[in-house]
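Below, each chain spelled out in residue letters.
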Amino acid sequence: MFNSYFSFQGHTMNPHYEVLFDKVPIGPVVAPNRFYQVPHASGMTEANPRVRAAFRGLKAEGGWGVVSTGAVSIHPSSDDSPLPYARLWDDNDIHAHALSCDAIHQHGALAAIELWHGGASVMNRSSRIAPYSPSGVGWAATHVGFMGQLRPKIMDATDIQDVLRWQGQAAIRAKKAGFDIIYVYAGMGYLPYQFLISEYNRRDDAYGGSVANRVRFVHELIEATRDAVGDSCAVALRISLEELRAKSSNHFESEAHEVVSLLSEAPDLWDVKMDSSPTDCSASRFRPEGSHESIIDFVKQITDKPVVGVGRFTSPDTMTSQINRGILDLIGGARAGIADPFLPNKIKAGREDEIRECIGCNICISSWHDGVPVRCTQNATAGEEWRKNWHPEKFNRTSSEDRLLIIGAGPAGLEAALIAAKQGFQVTLSDQSKNMGGRLNFETALPGLSTWRRVIDYRLYALKQMNNVDLYSNSELSRDDILELGHERVVIATGAKWTKSLYSSLEIPVGELNQPNVYTPDDIAAGIKINGPVLVYDFDNYYLGGVLAEKLAAQGLSVSYATPAGHASAWTIMTNEQPFVHQNLENAGIPVITQVLLQSHENDTIGLANIFTEKLQQLAAKSVLIVGLRRPNDSLYQTLISNPNATLAAGIKSVDRIGDCLAPGAIVHAIYSGHDYARNLVTTRSNLYLRDIPIAVNPPGAVI
Ligand code: ADP
Ligand code: SF4
């Protein structure tokens, strides 16, 4: 399928990339190309089926040849509450999934479903069924939201037969919904994976002991699925190979080699991945594109079945290389397709320079942990396709002659400018700095964050192609300048400033630490040199405190890191980064002091009080870098709105503030704010967003 709003004029596909558009047979079905949106969490459930169908359908519209669901529970004994997981438990659920299948099929793609049983990794908080496991070994959850006190039961022979039956029944429902590829999911700590790993599986029956025995349950799940639907649907196996590859085997290179050999021709498709979310879906700060290769590179040598894998692939050269070197048959994408659902079509149209490349920030994963539909830093439309009728590549054209003046070219200003310009407005974007990009100019030069520069590059590149956009750098605008220019619509996107505010243990601001040798990230950005030893005191809790500690240590300063939270960069647990943050700080020789409040800074000595006991400890440090609260840089906005008569007289119809100037947040919030502002200039909707509701064709009743 190809969409008319991509012009072929002047563009042709690079012949080198043609291989990416080969058809690939998968059992009884055929993928129309090699772009495979692998299963990934969307935070969309049967409660919002239209939101989900629009989100998945758009990937097919963008050219992905296969589009999959995220994990779909086969039975109430696999209950991941309160996380927003999907289900296929009864016929009402079939209808909800059928909507997605229709949306995917409409564009000629195959629909896949990842049937899932969580085993010991779920706490069954809603169904209250004792969790299932091969040998009663619980899952060591460390995330507060995942912790639970219920340990799993040991499955007996009847339990094993029950799960096999539920898999078959769910497969039949999946086929009725219209899915073409049905998964058995043996990854990431879930039930079939627990059977494969010797530490989880200590059984002494036919399902435990040797690798051949441990593989039996997975094999039987594949057979149960094939018996149920194999005549017309492909059966895929998704498997994590990191841990297995690290285990030696008597007759094979590793247990991973042995497992793949034992199952080699059993599934119609191998979907291969890593074992834990932080390594499988790793942030760009810690892992490069294609980082799975050393674990999964052997699979194609053992099986004749097609193999799909991921690796945050955004470069068509990397993708082509994976195919040509015989690593993968299908290019798996989760984040790449969230950030740009139209990645395949852009490559096909020879417009790969227009790909909105994923930056690997993992805000998308944080939405799952937050329990809401997916949000993406690069793509503000992700999750809003149905709710707000936002299409990432289609825009309502304005009939208005209004000219826009946007002051501040950070993420918010750049996004507002781009979306307004795409809607046909005449846009002027002005920034006082030499370089456009706002806070990202500084932050993307910090350790590990260079990939985030794509936020600037994508937008600036697109803006420079448009003839209804004027870009002015080195242009600080005052209130009088703005009145004189007299654009009909003025948008203030002047960002926020870090403050020297401190917090009490009750999280109440308790004044600023205004004294010499106390700094904020803005001072570091301005190039101010600070003297060591330095304490980074972080209660922002996202990446910046940890990254700045690393940067200062790399400059040769003696650095300590302190926080009132229980971990360094505590919120990065949501983005899969926290284990690596701690690794980096440890490797850089930066001591981490947790659960403390900064009390005093006198005579090169810092007083830190334990947040629970108030017990004081002292630390020698000349300088303190406070990474804490931000305050909007909104004085320009306030002066403009304080005199409405003056703005009216200047012909200004509206003055708005967006991004950090409105409410300081992460880059994702600034981009969304800019996008939302621009879309609302021409929106045809009067409501905030459409509310989705479940589909209930049959009366509520007992589940299987
Ligand atoms: P956001 O994340 O909301 O986009 P940033 O802090 O990244 O905010 O960007 C704000 C931008 O606004 C910076 O590039 C800054 O140079 C610019 N800016 C601030 N005040 C002015 C002004 N008076 N005139 C022009 N540009 C300004
Ligand atoms: Fe990529 Fe970040 Fe978007 Fe996720 S949120 S898809 S990591 S850009």
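Residues numbered from 1 in each chain as written. Chains lettered and ligands numbered in written order. Predicted model: local features only at pLDDT ≥ 70, side-chain atom pairs only at ≥ 80, totals over all residues. Heavy atoms only, no water.

### Observations concerning the overall build of the chain
Argument step 1. Of regular secondary structure, the chain possesses 24 helices and 30 strands.
Argument step 2. Taken over C-alpha atoms, the radius of gyration comes to 27 Å for the chain, in line with the 27 Å a tight globule of 704 residues would show.
Argument step 3. The burial tally for the chain puts 60% of its 704 residues in the buried class.
Argument step 4. Considering only intrachain contacts with a sequence separation of at least 6, the fraction spanning at least 24 residues in the chain is 73%.
Argument step 5. Working note: accessible area of the chain is about 27200 Å², and carbon and sulfur atoms make up 48% of it.
Argument step 6. Positive and negative side-chain charges in the chain, numbering 63 and 76 respectively, have mean positions lying 2 Å apart. (Helix = DSSP H or I, 4+ residues; strand = E, 2+ residues; numbered from the N terminus. Rg over C-alpha atoms; globule rule 2.2 N^0.38 Å. Buried < 20%, exposed > 50% of the residue type's maximum accessible area, 1.4 Å probe, protein only. Contact = heavy atoms within 4.5 Å. Areas by Shrake-Rupley, 256 points an atom, 1.4 Å probe, with all protein chains shown as cover. Lys, Arg positive; Asp, Glu negative; His and termini not counted. Charge placed at Lys NZ, Arg CZ, Asp CG, Glu CD.)

### Details of the sheet that holds strand S14 (residues 403-407)
Argument step 1. Spatially, the five strands line up as an open sheet ordered S16-S15-S14-S17-S30, and their pairing is parallel. A strand with exactly one partner marks an edge of an open sheet, and here the two such strands are strand S16 (469-472) and strand S30 (654-657). Shown here is a sheet whose adjacent strand axes are inclined to one another by a mean of 15°, direction ignored.
Argument step 2. Of the strand pairs in this sheet, S14 and strand S17 (residues 489-492) are connected by four bridges, and their pairing is parallel. When the bridges of S17 are listed, Ile-406 appears paired with Val-491. (Pairing = 2+ DSSP bridges. Axes fitted to C-alpha atoms, helices over the stretch in contact; angles between N-to-C directions.)

### Some points on the site of ligand 1
Argument step 1. Ala-412, Asp-431, Gln-432, Arg-439 and Asp-660 are the nearest of the 21 residues found near ligand 1.
Argument step 2. The backbone of Leu-477 places a nitrogen or oxygen atom 3.1 Å from a nitrogen atom of ligand 1.
Argument step 3. In isolation ligand 1 has 580 Å² of accessible area, and contact with the protein removes 91% of it.
Argument step 4. Here the residues of the shell around ligand 1 sort into eight nonpolar, nine polar and four charged. (Near = heavy atom within 4 Å. Polar contact = N/O pair within 3.5 Å; in protein donor to acceptor, adjacent residues only side chain to side chain. Nonpolar A, V, L, I, M, F, W, Y, C, P; charged D, E, K, R; others polar.)

### A word on the site of ligand 2
Argument step 1. The immediate surroundings of ligand 2 are formed by 14 residues, with Cys-358, Cys-361, Asn-362, Cys-364 and Cys-376 found nearest.
Argument step 2. When contributions to the shell around ligand 2 are tallied by element, the ones reaching two or more residues are helix H12 (335-339) and helix H14 (363-370).
Argument step 3. By residue number, the principal contributor to the shell around ligand 2 is H12, which donates three residues.
Argument step 4. Grouping the constituent residues of the shell around ligand 2 by class yields eight nonpolar, four polar and two charged.

### Quick word on the environment of Tyr-672
Argument step 1. Along the polypeptide, Tyr-672 turns up in helix H24 (residues 667-680).
Argument step 2. Taking the relative accessible area as the measure of exposure, Tyr-672 reaches 29% and is therefore partly exposed.
Argument step 3. Each residue touching Tyr-672, except ones within four places of it in the same chain, is listed here: Ala-380, Glu-384, Lys-388 and Trp-390.
Argument step 4. Separated by 2.8 Å, the side chains of Tyr-672 and Lys-388 make a polar contact.

### Describing the side chain of Thr-398
Argument step 1. The topology assignment puts Thr-398 in the loop between H14 and S14.
Argument step 2. Here the side chain of Thr-398 touches Ser-400 through a polar contact of 2.9 Å, landing on its backbone nitrogen.
Argument step 3. Contacts of Thr-398, omitting those with residues within four sequence positions, involve Gln-423, Gly-424, Phe-425 and Val-682.

### What to know about the packing of helix H2 (residues 91-105) against helix H3 (residues 157-177)
Argument step 1. Remark: H2 packs on H3, axes separated minimally by 8 Å, with the N-to-C direction vectors making an angle of 45°. As the angle between them shows, H2 and H3 are arranged oblique. As for how H2 packs across H3, the hand of that crossing is right-handed. Across the interface between the two elements, Asp-91, Ile-94, His-97, Ala-98 and Cys-101 of H2 pack against Arg-173, Lys-176 and Ala-177 of H3.
Argument step 2. Tallied by class, the residues present in the contact of H2 with H3 amount to four nonpolar, one polar and three charged. (Parallel < 35°, antiparallel > 145°, perpendicular 65-115°, else oblique. Left-handed = near helix turned anticlockwise from the far one by under 90°.)

### Brief notes about a nonpolar patch on the surface
Argument step 1. There is a patch of nonpolar side chains on the surface, built from Leu-506, Ile-508 and Val-510 and spanning about 310 Å² of accessible area.
Argument step 2. Tracing the chain through its elements places Ile-508 in the loop between strand S19 (501-503) and strand S20 (509-512). (Patch = residues over 30% accessible without salt bridge, like charges linked within 9 Å, V, L, I, M, F, W, Y side chains within 5 Å. Salt bridge = Lys/Arg side-chain N within 4 Å of Asp/Glu carboxyl O.)

### Some details on unusual backbone geometry
Argument step 1. Of note, the bond from Ser-81 into Pro-82 is cis; its omega dihedral lies within 30 degrees of zero at 5°.
Argument step 2. Residue placement: Pro-82 occurs in the loop between strand S4 (66-73) and strand S5 (86-87).
Argument step 3. The peptide bond linking Gly-532 to Pro-533 adopts the cis configuration, its omega dihedral lying at -10°.
Argument step 4. Examined against the element boundaries, Pro-533 turns out to sit in the loop between helix H19 (521-525) and strand S22 (534-538).
Argument step 5. Its identity is not glycine, yet Asn-474 carries a phi of approximately 50°, on the positive side.
Argument step 6. Secondary-structure assignment places Asn-474 in the loop between S16 and helix H18 (479-485).

### Details of helix H7 (residues 255-262)
Argument step 1. The element H7 is extensively covered by neighbouring structure, given that six of its eight residues are classed as buried.
Argument step 2. When we look at burial in H7, the residues that qualify are Glu-255, Ala-256, His-257, Glu-258, Val-259 and Val-260.
Argument step 3. Of the surrounding secondary structure, the elements contacted by the buried residues of H7 are helix H4 (191-196), helix H5 (211-229), strand S10 (234-240), helix H6 (242-245), strand S11 (269-273) and helix H10 (299-302).
Argument step 4. Sitting at the head of H7, Ser-254 places a side-chain oxygen 3.1 Å from the backbone nitrogen of Ala-256.

### Overview of helix H11 (residues 316-324)
Argument step 1. Restricting attention to buried positions, one finds in H11 the residues Pro-316, Met-319, Thr-320, Gln-322 and Ile-323. Along the long axis of H11, the arc covered by the buried residues comes to 155°, so they all point the same way.
Argument step 2. Against the buried residues of H11 lie strand S3 (35-37), helix H9 (293-296), strand S13 (330-333) and helix H13 (343-348).
Argument step 3. Directly beyond the C-terminal end of H11, a positive phi value near 75° is found at Gly-326. (Arc of directions from axis to C-beta.)

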